[in-house]
Amino acid sequence: MQEKDMVLDVLGSVKGGLAGYATFISETANPTLRQTFQQMRDGDEKFQYDLYKIAEQKGYYATSPTASPQDMHSVKTALTSSSGTTTGMH
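Residues numbered from 1 in each chain as written. Predicted model: local features only at pLDDT ≥ 70, side-chain atom pairs only at ≥ 80, totals over all residues. Heavy atoms only, no water.

**Q** Can you walk me through the confidence of the model for the protein in this structure?
**A** Detailed reading of the predicted model is not advised wherever pLDDT is low. Averaged over every residue, the pLDDT of the protein is 88; residues scoring 70 or more account for 91%. Element-level mean pLDDT values for the protein span from 87 in helix α3 (residues 69–83) up to 95 in helix α2 (residues 31–57). (pLDDT = per-residue confidence, 0-100. Helix = DSSP H or I, 4+ residues; strand = E, 2+ residues; numbered from the N terminus.)

**Q** Explain the packing of aromatic side chains to me, please; I cannot follow it from the model alone.
**A** The description of an aromatic ring pair rests on the distance of the ring centres and on the angle between the ring planes. Taken as a whole and judged by the stated rule, the model has three aromatic pairs. Judged by centre distance (5.9 Å) and plane angle (35°), the ring pair of Y49 and Y52 falls under tilted. Remark: Y52 and Y49 occur in helix α2; sequence separation between them is three residues, near one turn of the helix. For Y49, a relative accessible area of 46% corresponds to the partly exposed category. One aromatic cluster in this structure is built from Y21, F24 and F37. (Phe/Tyr/Trp six-rings, centres within 6.5 Å; stacked < 30°, edge-to-face > 60°. Buried < 20%, exposed > 50% of the residue type's maximum accessible area, 1.4 Å probe, protein only.)

**Q** I'm lost on the nonpolar core in this one. Help?
**A** A general trend in soluble globular proteins is that nonpolar side chains are found buried together. Judged by nonpolar contacts, V7, L11, L51, Y52, A55 and Y60 together constitute the single largest core of six residues. Elements supplying a minimum of two residues to this core: α1 (3–26) and α2. Sort the elements by how many residues they give to this core and α2 lands first, with three residues. For L51, the contacting residues outside a window of four places in its chain are V7, V10 and L11. By size, the runner-up hydrophobic cluster in this structure holds five residues, among which are V14, Y21, I25 and F37. (Core = buried A, V, L, I, M, F, W, Y, C linked by side-chain atoms within 4.5 Å. Contact = heavy atoms within 4.5 Å.)

**Q** Would you explain α1 in this entry?
**A** Relative to the 34 Å expected for 24 residues at 1.5 Å per residue, α1 spans 35 Å between its end C-alpha atoms, a close match to the ideal helical length. For α1, the complete set of buried residues consists of V7, L11, V14, L18, Y21 and I25. (Expected span 1.5 Å × (residues − 1).)

**Q** I'm lost on the pattern of salt bridges in this one. Help?
**A** Once the charged atoms of two side chains with opposite charge are near each other, the side chains can pair. Taken as a whole and assessed by the stated rule, the structure comprises four salt bridges. Of the charged contacts in the structure, one is a salt bridge between K46 and D50, with a shortest N-O distance of 2.7 Å. Taken as a pair, K46 and D50 lie in helix α2 at a separation of four residues, close to a single helical turn. Using a relative accessible area of 35% as the deciding quantity, one classes D50 as partly exposed. (Salt bridge = Lys/Arg side-chain N within 4 Å of Asp/Glu carboxyl O.)

**Q** I would appreciate a short explanation of the packing of α1 against α2 in the present structure.
**A** For any two helices packed against each other, the geometry is given by the interaxial angle and the distance between the axes. Running from N to C, α1 and α2 point in directions that differ by 155°, and their axes come no closer than 9 Å. In terms of orientation, α1 lies roughly antiparallel with respect to α2. The handedness of the crossing between α1 and α2 comes out as left-handed. Residues V7, V10, L11, V14, L18, Y21, F24, I25 and S26 of α1 pack against R34, F37, Q38, M40, R41, D44, E45, F47, Q48, L51, Y52 and A55 of α2. Counted by class, the contact of α1 with α2 contains 14 nonpolar, three polar and four charged residues. (Axes fitted to C-alpha atoms, helices over the stretch in contact; angles between N-to-C directions. Parallel < 35°, antiparallel > 145°, perpendicular 65-115°, else oblique. Left-handed = near helix turned anticlockwise from the far one by under 90°. Nonpolar A, V, L, I, M, F, W, Y, C, P; charged D, E, K, R; others polar.)

See below:
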């Protein structure tokens, strides 16, 4: 297996794990356990970002073009109007 394939595989695995944290955190009533999950998520997010930066530098990961301020405003407006709030919370 090539290094590029291994890096992209790990990035995909971490991405899947990060999605799972949202469920764990939102369904955990115990404050200590909830905090533990949040710390684990934060650590995995940092790891994922650091690995992503390495992959990007090595040319393993092609990024999307940077969004313009108008594009970002349009997305924010769409998300805000669909959720009814500015935070996305109901």
